[in-house]
Amino acid sequence: MKLTAAILFVLTVPALASAGGWVIENEDNDHYFYSGKEGATKEALEAYADSLLEGGHVTHLFWCVNGQRPNYDSKVWDPIWKALEDKEVQWGYCSKAWPTCAKTLFDEGIDPYRVWIDRTRAKGASPWVSMRMNDNHDGWLAHGARVCQWYKDHPQFRILPGYKGVQWGPYSLDFAHPEVRDYTFALFEEIVNRYADADGIEMDFLRSSNYFKDEEAVTNAPVMTAFIARCRAAANAVGAKRGRPYQLAIRLPITLDGALKAGFDAVEIARQGLCDVIIVCNESRDYTDWEIPFGAWKAKVGAVNPKIRLVAGTTAWSHNPASLKGWTAMMRDKGAEDFYVFNLQWANEALKKAVHPGAAFAADVCTKGARAFYVDTRTPPMPQLPPVVVKGEFAKAAFRPGAWTYAANGAAPRAIDFSKRLNLRKGQAPDGKDYPPLTKLRLTGVLESEKDGEALLGMGFDWRWELFVNGQNVFGRTAMVDARDRGVLGRASDWTVAVPVKKGANVVVVEIVAGENCFGEMKALDPAAYKDGVDLAAQRDYEARVKSGEAVRPYLPRFPYALAKSGAFPLALPKDVRAESSAVVELTLTKKEDAPVTVRLNGQTAKGELVVDKKVVRIRAAFPLTALKGGVAEIAFDGVPNSSAKVTSIGLLLD
């Protein structure tokens, strides 16, 4: 029996993987379902799996089946289409297409994951399922398609019950409560039994990564270890029943210390043999946190369990094809052989092609051709702001209906409805056409307050902006947009702020330097909903930076970096990576500058050339190959005096 099981197991793994190197793609839990009813056919499902496996280089597909709600007809959690029963749903991150597509499939008797598992295996790749262990998308919304009823009914089980603020973490479920562990295990057990024909399951602990109160996480690490052991036993039971192992992977933060501080004792988990694969990966919001200390993982985890497969992971949308090859080369230099990419579905087409037909993770590809190595990826990840919970008798206020106006580049103001999220460019020009990106916008509204004091606003704008109330600058994000800030509106780049108001009419002005995706909205919040306090961390942090005169946050000392200054930045290169035909230093800027910039690479000097490519402003300086030596590239530049431009990234491009 054991021999038969072993043979069956080998046959389920693609030849490319067994030859040395897994390439894992995690399929997002919602991406496909936005196709709506058009995607609700078996043929469409199979075609989608084929597109992800194009080129034959992806060896494993991890099909994510859930967020707070699963995409199938679960008996233990309410499925995603339960949202369609909520007439007051605020759709936030999603639309009706997602739950409608999932419901249509199951009404037709089609389980998409069974179709995808069969199709993945038929195409020669290994099908797994993936479970998000503590997805907290939209946890701050009273209504949301993603938010399940159990979560709404049990606020006492959240990390910070009653929290209303800008951080995601406090909205997560606290695994210190046995009720949370039981609730989560019920879905895990259902998934492995329902999809018993998958090769394994991923426990995705990075979507999202908060499982305990910060001060209790290390103490509770044994609790999490025991929970993983419980899940391992359930997977083993399925494996025993079907006659071949049901593998288990866990996705964890990039450092052993970071994992432990989140409540995961990776060494002890490995020692007990509780998983077959550990995927070490940056989080979805840590775009610059790429460089994994892979050697430390191999040394410590390998010492207690050399059978565990260690995989280097990265978030797709933080890359372009050249930087993905550069990252892969760095990880191979540190001993990685297996790779994982998260959310490739949301990346641009060029990156998808690099992973699929181009085999960006292959050893002979990542060290050849155009590769990019960025200095700013060495910046430490941005920590979450500590909560600043403010309690007070906030004034009740409301925006005067029809009082919002919109103006751009001095054009005559136009009336707009700003009570819902708008694209601030689309169709706003006087001729009905769109304003171009990076256009200066000015929004003006009238806020009626019942008394003097402070009123609460929920506001969301992409890119950079400043907020004025009665002529006073009360909040802004012109220096930097921190994508980790979240407000009550529940989208990226949203904030909750308290603004000084007087009784009666108050003039509210938002000045925006909009970006490519310049969406925005503003709402007056009912103070009665915040009687327990509201987190104003982002606003208080902004005020502190204004008072101190700092242009950027203290924990991001390098970028954005003023071009008017001179800078020098060391960049370590993988030992096997060398330029073959050219070495180019590239600075990405916030503004176009006419004056040349002097750039140095390991002491050699070159004049920078200004390049504007599809609205992106860069300065590039080419160097002879002799400028690269010793595996270290020290990049320096002398900027333009009195320039207002900032350097947002510094990279070395090798070809």
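Reference entry: report on the structure contained in this document. (Residues numbered from 1 in each chain as written. Predicted model: local features only at pLDDT ≥ 70, side-chain atom pairs only at ≥ 80, totals over all residues. Heavy atoms only, no water.)

Secondary structure assignment for the chain yields 15 helices and 31 strands. Of all 655 residues assigned to the chain, the portion counted as buried reaches 56%. Taking the contacts inside the chain whose residues are at least 6 apart along the sequence as the reference set, 80% of them involve residues at least 24 apart. Surface summary for the chain: the accessible area is close to 26200 Å², and the carbon and sulfur share equals 54%. (Helix = DSSP H or I, 4+ residues; strand = E, 2+ residues; numbered from the N terminus. Buried < 20%, exposed > 50% of the residue type's maximum accessible area, 1.4 Å probe, protein only. Contact = heavy atoms within 4.5 Å. Areas by Shrake-Rupley, 256 points an atom, 1.4 Å probe, with all protein chains shown as cover.)

Another aspect to go through is the sheet that holds strand β6 (residues 277–281). Either a parallel or an antiparallel arrangement is found when strands of a sheet pair, and the pairing is made through backbone hydrogen bonds. Spatially, 8 strands are ordered β1-β2-β3-β4-β5-β6-β7-β8 in a closed barrel, and the strand pairing comes out parallel. Each adjacent strand pair in this sheet contributes to an overall mean axis angle of 25 degrees, direction not counted. As paired strands, strand β7 (residues 309–315) and strand β8 (residues 339–342) are joined by 4 bridges and run parallel to one another. Residue G313 lies in a different strand from β8, and its bridge partner there is Y340. Against the sheet, helix α3 (residues 42–52) touches β1 (23–27) and β2 (60–64), its axis set at about 135 degrees to β2. Each of β7 and β8 touches helix α12 (residues 321–333); the most contacted strand, β7, lies at about 155 degrees to it. (Pairing = 2+ DSSP bridges. Axes fitted to C-alpha atoms, helices over the stretch in contact; angles between N-to-C directions.)

Before going further, it helps to examine the packing of aromatic side chains. Per the counting criterion, the structure on display carries 30 aromatic pairs. Note on Y211 and F264: the rings are 5.4 Å apart at their centroids and 85 degrees apart in plane angle, and the pair reads as edge-to-face. Placement of the pair is Y211 in the loop between β4 (200–204) and α8 (221–242) and F264 in the loop between α9 (256–261) and α10 (266–271), with a sequence separation of 53 residues. Each member of the pair Y211 and F264 is classed as buried. Note on Y561 and F569: the rings are 5.4 Å apart at their centroids and 80 degrees apart in plane angle, and the pair reads as edge-to-face. (Phe/Tyr/Trp six-rings, centres within 6.5 Å; stacked < 30°, edge-to-face > 60°.)

Turning our eyes to something else, we now look at the pairing of strand β15 (residues 440–449). Regular strands show a simple pattern: their side chains alternate between the two faces of the sheet. Sheet analysis places strand β11 (residues 397–399) next to β15, joined by 3 bridges and oriented antiparallel. By the bridge assignment for β15, A397 is matched with S449.

As judged from the 2 bridges shared by strand β12 (residues 405–408) and strand β13 (residues 414–415), these two strands associate in the antiparallel manner. Bridging from a neighbouring strand, T405 pairs with A415 of β13. Taking the residues between adjacent antiparallel strands as the criterion, β12 and β13 are bridged by 5 residues, where N409 takes a positive phi near 55 degrees. In terms of strand pairing, β12 meets β15 through 4 bridges, oriented antiparallel. Note on β15: the bridge partner recorded for A407 is R442.

Between helix α7 (residues 178–194) and α8, whose axes approach to 10 Å, the crossing angle comes to 20 degrees. The angle between α7 and α8 places the two elements in the roughly parallel class. Classified by chirality, the crossing of α8 by α7 is right-handed. Taken together, the residues of α8 that come into contact with α7 (itself represented by R181, D182, T184, F185, F188, V192 and N193) are V223, F227, R230, C231, A234, A235, V238 and K241. (Parallel < 35°, antiparallel > 145°, perpendicular 65-115°, else oblique. Left-handed = near helix turned anticlockwise from the far one by under 90°.)

Taken in spatial order, the 4 strands line up as β14-β21-β16-β19 in an open sheet, and their pairing is antiparallel. Edge positions in the sheet fall to β14 (422–423) and β19 (494–501), since each has one partner strand and no second. Note that strand β16 (residues 453–461) and β19 share 8 bridges and pair antiparallel. Paired with G453 across the two strands is V501, which belongs to β19.

Before going further, it helps to examine the environment of T590. The topology assignment puts T590 in the loop between β25 (583–589) and β26 (598–601). According to the relative accessible area criterion, T590 is partly exposed, its value standing at 37%. Once the C-alpha coordinates of T590 and T648 are considered, the two residues, 58 residues apart in sequence, prove to be 6.9 Å apart. Separated by 2.9 Å, the side chain of T590 and the backbone nitrogen of K646 make a polar contact. (Polar contact = N/O pair within 3.5 Å; in protein donor to acceptor, adjacent residues only side chain to side chain.)

This brings us to the pattern of salt bridges. Any two side chains of opposite charge can pair, given that their charged atoms come close. For the coordinates displayed, the defined rule picks out 29 salt bridges. E586 is the salt-bridge partner of R618, the closest N and O atoms lying 3.3 Å from each other. Taken together, the residues R618 in strand β29 (residues 616–623) and E586 in strand β25 connect sequence positions 32 residues apart. Comparing R618 with E586, the two get one shared label, buried. Ionic contacts of the salt-bridge type, sharing partners, join the residues D73, K75, D111, R114 and R194 into one network. (Salt bridge = Lys/Arg side-chain N within 4 Å of Asp/Glu carboxyl O.)

Let's shift gears to the side chain of D204. When you line up the elements, D204 lands in strand β4. Here the side chain of D204 touches R251 through a polar contact of 2.9 Å, side chain to side chain. Other than its neighbours up to four places away in sequence, D204 contacts N26, S130, M131, R132, M133, Y211, R251 and F342.

Examined against the element boundaries, H60 turns out to sit in strand β2. On the basis of relative accessibility, which here comes to 0%, the residue H60 falls in the buried class. Here the side chain of H60 touches T59 through a polar contact of 2.7 Å, side chain to side chain.

Turning our eyes to something else, we now look at the environment of T626. Considering the arrangement of structural elements, one finds T626 in the loop between β29 and β30 (632–638). Each C-alpha atom, one on T626 and one on Q604, is 9.1 Å from the other, the two residues being 22 residues apart in sequence. Here the side chain of T626 touches Q604 through a polar contact of 3.4 Å, side chain to side chain.

A few words now on unusual backbone geometry. With an omega dihedral of 10 degrees, the bond running from R207 to S208 counts as a cis peptide bond. Relative to the helices and strands, S208 resides in the loop between β4 and α8. The phi dihedral of N343 falls on the positive side, at around 60 degrees, and the residue is not glycine. Tracing the backbone shows N343 in the loop between β8 and α13 (349–355). Classification of N343 as buried rests on a relative accessible area of 1%. The phi angle at A359 is positive, at roughly 55 degrees, despite the residue not being glycine. Within the secondary structure, A359 sits in the loop between α13 and α14 (363–366).

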